[in-house]
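Examining the three-dimensional arrangement
Residues per chain, in single letters:
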Amino acid sequence: MLILGLLLGLGGLGTLLEGGEKRTSGTATPSETSTARPSDEARDGSPTAPASPAAPTAPTTTAKPPAEPSDATPTTPTTKPKPPSTAAAPPGVVVLRVIDGDTLEVRGEGGVLPKGSVARVRLLEIDAPERGACFADDATDRTAELLPPGSRVRAERDTELTDRYDRYLLYVWNEEGTFVNESLVRSGHAEADLHPPNDKHWPRISKAEDAARQAGAGLWTACPEPPKTSAPPPDPPDSPAPDTPARPDLPDGPPAGVPDVDCSDLSGPVRVGPDDPHRLDRDGDGIGCDTG
């Protein structure tokens, strides 16, 4: 009996063990998560070599195609270079030569003087020393320095444009903008000399003379004071008065009251009165412009 019980117990234990193995073998295996297909070597049953570490991949550079020429119109500068000016120079006066300290010969270019005309100009409101007188050469040189031949000047007229000698009566400014009439008086190369009605710049020019006198500039120091003209002494009672003036063949000199006249404006010697308003008689013989 004992032996029969042991055999039955052993048979039941074997049944239990067999059922456990069946349950274990019927358990589903987890599905593969990898979607990669095995290599041919894996399918053939050959061992698969371990994957080598991937080499670093160089960044790919996308080559840009060459730029096509643009159809747009190229931009041009909005400011075009100005062509050379062909505008005529403003009307003025060109200096041809300096005659003396206050007289010029010029060519007109329109405006005050007709274009192309050659004329003599007398500088207004001044009187430079007459040729041969004290400081005359200095005055001429100074005027030539301010108004060199070939230079262009700006001219301005006053009430009367010309005098009886067909000279143009003008104020002039040189290329540097210097008012030449005033400058000659201020430096002592000319005196202020008023002849109405041409008096536009008289206050300015007369003040220039005052400054030159006070400074002793130019002729105010270099030249002695001209002798004051006095009335001729009366004739003795027994002496007959002269019937005819000296040198009756000569024309009378220019009267006072006109713009100052120089000997260069006259054709030859003239008789002058006792006052000699234009200071033409340098030797006091009553005849003006008779000396070289």
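Since the model is a prediction, treat every value here as computed from it, not as a measurement.

Here is what the cut-offs are and how they apply
- Note on numbering: residues in each chain are counted from 1, in written sequence order.
- Reporting in this predicted model follows two pLDDT cut-offs: at least 70 for local features of residues, and 80 or more for side-chain atom pairs to be given and counted; totals over whole chains, interfaces and linings ignore these cut-offs and use all residues.
- Processing note: side-chain calculations cover all non-hydrogen atoms of the structure and skip hydrogens and water entirely.
- Strand pairing is assigned whenever DSSP detects at least two bridges linking the two strands.
- Counting from the N terminus, the helices are the DSSP runs of H or I reaching at least four residues and the strands are the DSSP runs of E reaching at least two.
- To obtain each axis, a line is fitted to C-alpha atoms, and for helices this fit is confined to the stretch in contact; angles are then taken between N-to-C directions over 0 to 180 degrees.
- For this document, the term salt bridge refers to a Lys or Arg side-chain nitrogen within 4 Å of an Asp or Glu carboxyl oxygen.
- Exposed residues in this analysis have more than 50% of their type's maximum accessible area, buried residues have under 20%, and partly exposed residues fall in between, with area computed by a 1.4 Å probe over protein chains only.
- We define the nonpolar core as a collection of buried residues of types Ala, Val, Leu, Ile, Met, Phe, Trp, Tyr and Cys that are connected through side-chain atoms lying within 4.5 Å of one another.
- In this description, contact between two residues means that some pair of their heavy atoms is separated by no more than 4.5 Å.

**A short note on the sheet that holds strand 3 (residues 118-123)**
Pairing is mixed in the closed barrel, where five strands are placed in the order 1-2-3-6-5. Shown here is a sheet whose adjacent strand axes are inclined to one another by a mean of 50°, direction ignored.

**Observations concerning the pattern of salt bridges**
Applying the stated criterion to the full structure yields 11 salt bridges. Glu182 is the salt-bridge partner of Arg204, the closest N and O atoms lying 3.0 Å from each other. Note that Arg204 is positioned in helix 5 (residues 202-215) and Glu182 in helix 4 (residues 180-186), a separation of 22 residues in sequence. Owing to a relative accessible area of 41%, Arg204 belongs among the partly exposed residues under this scheme. Connected through salt bridges with shared partners, the residues Asp102, Arg122 and Asp127 form a single ionic network.

**A short note on the environment of Asp262**
Of note, Asp262 is situated in the loop between helix 6 (219-222) and strand 8 (270-271). Judged by its relative accessible area of 2%, Asp262 is buried. With 135 residues separating them along the chain, Asp262 and Asp127 place their C-alpha atoms 9.3 Å apart.

**A look at the nonpolar core**
Among the nonpolar cores identified, the biggest contains 32 residues, and Leu123, Leu147, Leu170 and Val172 are the most heavily contacted of them. Among the secondary structure elements, those contributing two or more residues to this core are strand 1 (93-100), strand 2 (103-108), strand 3, helix 3 (136-146), strand 5 (152-162), strand 6 (168-173), helix 4 and helix 5. Here this core gets six residues from one element, more than from any other, and that element is strand 6. Setting aside anything within four residues of it in sequence, one finds Leu123 in contact with Gly101, Asp102, Leu104, Leu170, Val172, Val180, Asn181 and Leu184.

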